[in-house]
Structure formats: C-alpha cells, structure tokens
Amino acid sequence: MLDQIRDLYQEVVFDHNRNPRNFRVMEDANRTVEGFNPLCGDRITLYVKIDDAGVIRDVSFQGSGCAISTASASLMTEIVRNMHESEAHALFETFHRIATGKDDAVNLEELGKLAVLAGVRAYPARVKCATLAWHSLEAALENQETTVTTE
Amino acid sequence: MNTAPAAVPAFDVARIRKDFPILGQQVHGKPLVYLDNAATAQKPKAVLDCIAKVYTEDYANVHRGVHTLSQRATELFEGAREKVQRHLNARHSHEIVFTRGTTEAINLVAQSYGRPRFKAGDEILITAMEHHSNIVPWQMLCEQTGAVLKVVPIDRTGTLELDRFEALLSNRTRLLAVAHMSNALGTINPVETLIEQAHRRGVPVLVDGAQAIPHMAVDVQALDCDFYAFSGHKLYGPAGIGILYGKEELLNKMPPYQGGGDMIRRVTFEKTEYNTLPYKFEAGTPSIVDAIALGAAIDYVNGIGMETIAGHEQRLLAYATEQALRIPGLELFGQAAEKGAILSFTLHRIHPHDIGTILDHLGIAIRAGHHCAMPVMDFFGIPATARASFGLYNTFEEVDALIAGIHKVIEVFG
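Residues numbered from 1 in each chain as written. Chains lettered and ligands numbered in written order. Predicted model: local features only at pLDDT ≥ 70, side-chain atom pairs only at ≥ 80, totals over all residues. Heavy atoms only, no water.

### Description of the overall build of chain B
Link 1 in the chain: Regarding its fold elements, chain B presents 14 helices and 17 strands.
Link 2 in the chain: Its C-alpha atoms give chain B a radius of gyration of 22 Å, within 12% of the compact-globule value 22 Å for 414 residues.
Link 3 in the chain: Look at the contacts in chain B between residues 6 or more apart in sequence, and 71% of them connect residues 24 or more apart.
Link 4 in the chain: Split by element, the accessible area of chain B, about 16900 Å² in all, is 52% carbon and sulfur.
Link 5 in the chain: Taken as two groups, the 38 positive and 45 negative side-chain charges of chain B have centres that lie 3 Å from each other. (Helix = DSSP H or I, 4+ residues; strand = E, 2+ residues; numbered from the N terminus. Rg over C-alpha atoms; globule rule 2.2 N^0.38 Å. Contact = heavy atoms within 4.5 Å. Areas by Shrake-Rupley, 256 points an atom, 1.4 Å probe, with all protein chains shown as cover. Lys, Arg positive; Asp, Glu negative; His and termini not counted. Charge placed at Lys NZ, Arg CZ, Asp CG, Glu CD.)

This is how it looks when you write it as structure tokens:
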C-alpha cells in the first residue's frame, strides 16, 4: 500500500532516525555551526574537528528534525569522517545534484551509502531536510561561525 | 415556554462538495482529503465561474472610463465592497478597504495609523498566539518609532490569560492587535471582552480575522472593533484580495498608505489632494476581478449560512478531537474551551514533516510546520506540529480517513 513511500523511508533511514550516530556534543570541536531550516524550524548544531592537513577527524551533531534530516545528518557524520575536506565537498556537490533532480542520469553508485537518501528527488518539499546537515558542514569547512539556513 | 435550541438547518455536505470541482480528484491514487483549510480554502464553482465571467464579459479598469465596460466593472467592484460591508455589518461601505490580504491590511494600519502617532515608550499590545503577520509589522513599527511591543501570555491549553491582559493594559498602551482565532491552536479569543476593556482605557483595537472569517458570523459594530482584517482566500474566495475594515473616523484621520493613481483628487507638482475613503487607501489598479469574486464567495457562504457552517465544523471538530485523543502518543496543542475547527498535534517520536509526507501518500493534505507562529511553538517547546484544519465541505468520513492515516503513520514508523 505504501510501497512508493519506501523509496523515501528506507529501512536505513528509520534505523538512523531511531539511533542517530555521533549524536553528541563535541567539547573539543574546532568548528561549530548552527544549521537552521526556517521553513520548518528544524535545527542542528554540527561539531567538526578538522586537522591542519584539512582532514575531518571527527564530526558529531545535536538538534531536532524530521526522520530525513536526522538520518541525513547521522549518515553524513559516518561518511565524512577521515575524509579530506575537498572530498567531502565533492561528495556534497554530487549529492546535491542528485537530490535536487538536476541530474537525470543518476549514478547512485557515486553516492555510496548516501544512495538511500536519493529518494528525496521525488519530494521537492523534503530536499532541504536531506541537505540541512550538508549545508552546515559546508559552512563549517569554510570556517563560517554563523548560523546557516537552507533558504 | 419552549427553551429548546433552534433546529439545526439541514446541511447536505455531499451536495456542497459538488460545488468544489477540485475536491473530486485523486492524489496518489486515493480520494483527496483536503484538511489544510487554515492555510487556504478551495473555491466553489460560483467563484470560479464569476472570475471567468467577469474576464469574459465585463472586464475593464474601474473608476476611470466613461465607456460601458468600465462602468460595468466599477459597478461590480463597488457591489463587492457592499457585499463585504453587509457581511461584516459595517456602518458604511467606505469603511471597507480592499487590500492584497490580511497581511497588507495590518501593515496599512501599522504604517498609516501607528507610525505618525506612536512615540518612544508607547506600548503596542499583542498576544502570544499571533501569526507572524500580526507580530512583524508591529516590530517594524517599534523600530521606527521607539514604541515597545508587549505580549499577553497564553496558558498550556492555548487560552489567553485574561488577568495578565488586564495587567498589561497600561496608560502607555496605544493599540491592541489580537487574533480573533489562532491559526496554530484554533483558540477563539474573547475579542468582545478584550475590546470593551481596551476601549475603557481609550485603546483602539485591531482584530486579525484571517482565521475566524470562514468559521463564524462577524459583526464589526457589535464587536465595536476599530479595525478588522481578513483575506479572501480563506473565505473560499480568490487569493490576492483582502479587506481592511476601519471605523470611518479613524480612517479619515489616517494618511494614505501608498501613493499613486485612484487615491488622489487633484495632483499638481506643488501639492496633491487625496481622494476620499476608501480610495485614499487604494492606490493603483486594484485586483478588480478578485474583489468581485470575493463578493461571489460571500454570497456562497451566506447561501449556506454562517451559523450552519459553524455548526457543521464544530461537530467535525468534536468528532475529530475525540478520535484523535484515543491515539496513543498523540498530543493535542490547543484545547481552549472556545475553539475553531483546527486540530494541531504531534506524535511521540515522529516529526510532523514525516507525518505530512506519509498522509499525503494517503491522499490527505495537512500542514506540517510552525504555521508562521514560531513563538507559539517555542512556548510549547516543540519545533512544529501537524495541523488538520476543517472547512465547510469536510466530512466525518474524512475525519475517519485522517485518523486511519495517523494510525498508518505510527505503523510505518513502528
């Protein structure tokens, strides 16, 4: 009956929503960014520890959001750890292109574990839920200590 | 002596639904259940036909031409103003100003009534349940004039704290701006009492009627409010047209809000003489057909009867509330004794956005979010709620579909 919706809410999404990974305050973070979606009021605080070589050593988050935004943030924290900031940036570009439906020829393999979130393409109203954590990470990598919004 | 309540007039919802062509469709293979009426209401065929007819047969600019079409359009446009006047029971039709909506009406009062008058230290009183459109224009005015915004708190049921209201009414209060009905909680405020108390201290009152207008009969003379604002699109009329009612003596004292054509009597480069009410506040070509179609919407609801509509919606609300409270993990926000047909709720550990997406897949349209009332969300310590809001065409079967849908959401999220 709700087969279609399973493309959006895959089991992995439910799992990360129920048990978000790296859902903690990081006392020794060297970058902290507040992410905010003014359309729905979702907020996350993203903590990043990045070393001098530009490698993301640790990343964690706090906040409240829907299943898509929580799962996206949780997945992101797992995926980008130990990535160079340029790799993380490139992955976000790919994800953003696919999530916003700008790329018809979708190669989900490019996305690796993030492929579970590719279903948001069919839900324009929910794309920003999936990209909130990533926008926050981008701001952290650019060392903007401000609140970022999806708008 | 017969004390039995007046018989409830027959209300044939199946017949009424046939007046709304959009309701007949399917969404995701399910019959559309439209429960987002507090955001905007669907349009009856009478309104759609009116728009097509005016553009097809009677359209021209108003108040200008000597030609036949212009005269016809002007008569229809001014006829719509009189329909609004009668609907609100205003004393004069020139107390009815066409605006783009409630938001513009409130901004008009803030800038035209408030800005020239208010001084540093003056107080503007609003309530904790206001929509952003009845907060932000006053904050802007405070920045411009140095006036201070004061907020009457609400309690956990979403009811206004009347003793706090009395305490906050001071010698410095220059205006009270209050929602007739809350869009996030459904609370209907005791505006008559508030107005009476404010007037006792010489404080004028603006009532934001955006939510109340589709659900109840409004009599601005009985309320004795100084301003009443509402939008056409929530009253089954077109979007882009709204109303500001203002008492003649106040409107006369207020300067124009915008400059342009139609709001002037005589223009030279040295001096401009402003037009009379209501044209002083209607610069530029108005949304002519939308105004006329708002008149058609008013005819439509009056054909059914506001009391009849209110009765039907109250029965739907009572049924929906009773059913919803039986759902484990469902929390209802807004349980004031006087309430309009809005059900604002959360589910334990399921975000309103996810509720909205899954219900949409079942063909059920609700709103999920902060409802442009972020301070209300902050008060309850929640980021958002899911909101089902009912209109005259909703049915008990649709309430059942909503309740079954909520159970499905819980099942999916396990």
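### Focus: the side chain of Thr-395 of chain B
Residues and elements named next belong to chain B.
Link 1 in the chain: With respect to the secondary-structure elements, Thr-395 resides in the loop between β17 (385-389) and α14 (396-413).
Link 2 in the chain: The class of Thr-395 is buried, set by a relative accessible area of 10%.
Link 3 in the chain: When near neighbours in sequence (up to four residues on either side) are disregarded, Thr-395 contacts Val-13, Arg-17 and Leu-316. (Buried < 20%, exposed > 50% of the residue type's maximum accessible area, 1.4 Å probe, protein only.)

### Considering the side chain of His-370 of chain B
Link 1 in the chain: Of note, His-370 of chain B is situated in the loop between β16 (367-369) and α13 (374-380).
Link 2 in the chain: A residue is classified by how much of its surface remains accessible, and His-370 of chain B, at 6% relative accessible area, is buried.
Link 3 in the chain: At 3.0 Å, the side chain of His-370 of chain B and the backbone nitrogen of Cys-372 of chain B are in polar contact.
Link 4 in the chain: The contacts of His-370 of chain B, once residues within four sequence positions are left out, are Pro-38, Leu-39, Cys-40 and Gly-41 of chain A together with His-132, Met-377, Pro-383 and Ala-384 of chain B. (Polar contact = N/O pair within 3.5 Å; in protein donor to acceptor, adjacent residues only side chain to side chain.)

### Quick notes on unusual backbone geometry
Link 1 in the chain: In this chain, Leu-277 of chain B is followed by Pro-278 of chain B through a cis amide linkage whose omega measures -5°.
Link 2 in the chain: With respect to the helices and strands, the residue Pro-278 of chain B is situated in the loop between β12 (272-274) and α10 (288-304).
Link 3 in the chain: In the Ramachandran plot, Asn-22 of chain A falls in the positive-phi region, its phi being about 55° despite a non-glycine side chain.
Link 4 in the chain: Considering the arrangement of structural elements, one finds Asn-22 of chain A in the loop between α1 (11-18) and β1 (31-37).
Link 5 in the chain: Judged by its relative accessible area of 16%, Asn-22 of chain A falls in the buried class.
Link 6 in the chain: Positive phi outside glycine occurs at Cys-372 of chain B, with the angle close to 55°.
Link 7 in the chain: Counting through the fold element by element, Cys-372 of chain B comes out in the loop between β16 and α13.

### Focus: the pairing of strand β6 (residues 148-152) of chain B
Residue and element names in this part refer to chain B.
Link 1 in the chain: Pairing of strand β5 (residues 123-127) with β6, which is carried by five bridges, proceeds in the parallel orientation. Note that in β6 the partner of Ile-126 across the bridge is Val-151.
Link 2 in the chain: Once the chain exits β5 it traverses helix α5 (residues 136-145) before rejoining the sheet at β6, and the crossover so formed is right-handed. (Pairing = 2+ DSSP bridges. Right-handed = clockwise from strand over helix to strand, strands pointing away.)

### Points about empty space enclosed by the protein
Residues and elements named next belong to chain A.
Link 1 in the chain: Summed over all chains, the structure comprises one cavity of 30 Å³ or more.
Link 2 in the chain: Of the voids in this model, the largest cavity is the one considered here, and its volume is about 30 Å³.
Link 3 in the chain: As for the largest cavity, its lining consists of Phe-23, Ile-44, Phe-61, Gly-63, Ser-64, Gly-65, Ser-69 and Thr-70.
Link 4 in the chain: Secondary-structure elements contributing two or more residues to the lining of the largest cavity are β3 (56-64) and α2 (67-80).
Link 5 in the chain: The greatest single-element share of the lining of the largest cavity, amounting to three residues, is contributed by β3. (1 Å grid on protein atoms, 1.4 Å probe; cavity = no way out; pocket = protein on both sides within 12 Å on 5 of 7 lines; lining within 4 Å. Points joined across faces, edges and corners; volume = space filled by probe spheres on them.)

### Details of the nonpolar core
Link 1 in the chain: Counting 78 residues, the largest nonpolar core has Leu-88, Leu-176, Tyr-228, Leu-392 and Tyr-393 of chain B as the members making the most contacts within it.
Link 2 in the chain: Tyr-393 of chain B has contacts with Val-13, Ile-16, Arg-17, Phe-20, Leu-23, Tyr-34, Asn-37, Ala-41, Gln-42, Tyr-236 and Glu-398 of chain B, leaving out every residue within four places of it along the chain.
Link 3 in the chain: Within the second largest apolar cluster, 77 residues are counted, among which are Ile-56, Leu-91 and Leu-132 of chain A together with Leu-362 of chain B. (Core = buried A, V, L, I, M, F, W, Y, C linked by side-chain atoms within 4.5 Å.)

### Focus on the pattern of salt bridges
Between side chains of opposite charge, a pair can form as their charged atoms come close.
Link 1 in the chain: As enumerated under the stated definition, the model contains 26 salt bridges over all chains in all.
Link 2 in the chain: Here Lys-113 of chain A makes a salt bridge to Glu-78 of chain A, at a shortest N to O gap of 3.1 Å. Separated by 35 residues along the polypeptide, Lys-113 of chain A in the loop between α3 (85-99) and α4 (127-141) and Glu-78 of chain A in helix α2 bring together distant segments of the chain.
Link 3 in the chain: A relative accessible area of 31% places Glu-78 of chain A in the partly exposed class.
Link 4 in the chain: Note that Glu-57 of chain B and Lys-53 of chain B form a salt bridge whose closest N and O atoms lie 3.6 Å from each other. Residue Glu-57 of chain B and its partner Lys-53 of chain B are located together in helix α2 (residues 45-58), separated by four residues, close to a single helical turn.
Link 5 in the chain: Here Glu-57 of chain B falls in the partly exposed class, since its relative accessible area comes to 45%.
Link 6 in the chain: Assessed through its relative accessible area of 41%, Lys-53 of chain B is described here as partly exposed.
Link 7 in the chain: Residues joined by salt bridges that share partners form a network here, namely Asp-15, Arg-21, Glu-78 and Lys-113 of chain A. (Salt bridge = Lys/Arg side-chain N within 4 Å of Asp/Glu carboxyl O.)

### Re the packing of α10 of chain B against helix α11 (residues 306-324) of chain B
Residues and elements named next belong to chain B.
Link 1 in the chain: Taken N-terminus to C-terminus, the directions of α10 and α11 make an angle of 70°; their axes are 5 Å apart at the nearest point. When the interaxial angle is binned, α10 and α11 end up roughly perpendicular. Across from Val-301, Asn-302 and Ile-304 in α10, the residues of α11 making contact are Met-306, Thr-308 and Ile-309.
Link 2 in the chain: Of the residues in the contact of α10 with α11, the class split is four nonpolar, two polar and no charged. (Axes fitted to C-alpha atoms, helices over the stretch in contact; angles between N-to-C directions. Parallel < 35°, antiparallel > 145°, perpendicular 65-115°, else oblique. Nonpolar A, V, L, I, M, F, W, Y, C, P; charged D, E, K, R; others polar.)

### Comments concerning the interface of chain A and chain B
Link 1 in the chain: Each partner contributes residues to the interface: chain A has 24 residues there, and chain B has 18 residues.
Link 2 in the chain: Approximately 1700 Å² of surface area, both sides summed, lies buried where chain A meets chain B, with 60% of it carried by carbon and sulfur atoms.
Link 3 in the chain: One can count one salt bridge joining chain A with chain B.
Link 4 in the chain: Where Arg-126 of chain A meets Asp-354 of chain B, a salt bridge forms, and the shortest distance between an N and an O atom there is 2.9 Å.
Link 5 in the chain: In this structure, the connection of chain A to chain B is made through nine residue pairs in polar contact (both at pLDDT 80 or more).
Link 6 in the chain: Of all the secondary structure elements, the ones that give two or more residues to the side of chain A that touches chain B are α1 and α2 of chain A.
Link 7 in the chain: Broken down by element, the side of chain A that touches chain B gets its largest block of residues, three residues, from α1 of chain A. (Buried area = accessible area lost by both parts, 1.4 Å probe.)

### Focus: the confidence of the model for chain B
Link 1 in the chain: For chain B, the mean per-residue pLDDT works out to 95, and 98% of the residues sit at or above 70.
Link 2 in the chain: The complex prediction reports pTM at 0.93, with the ipTM value standing at 0.87. (pLDDT = per-residue confidence, 0-100.)

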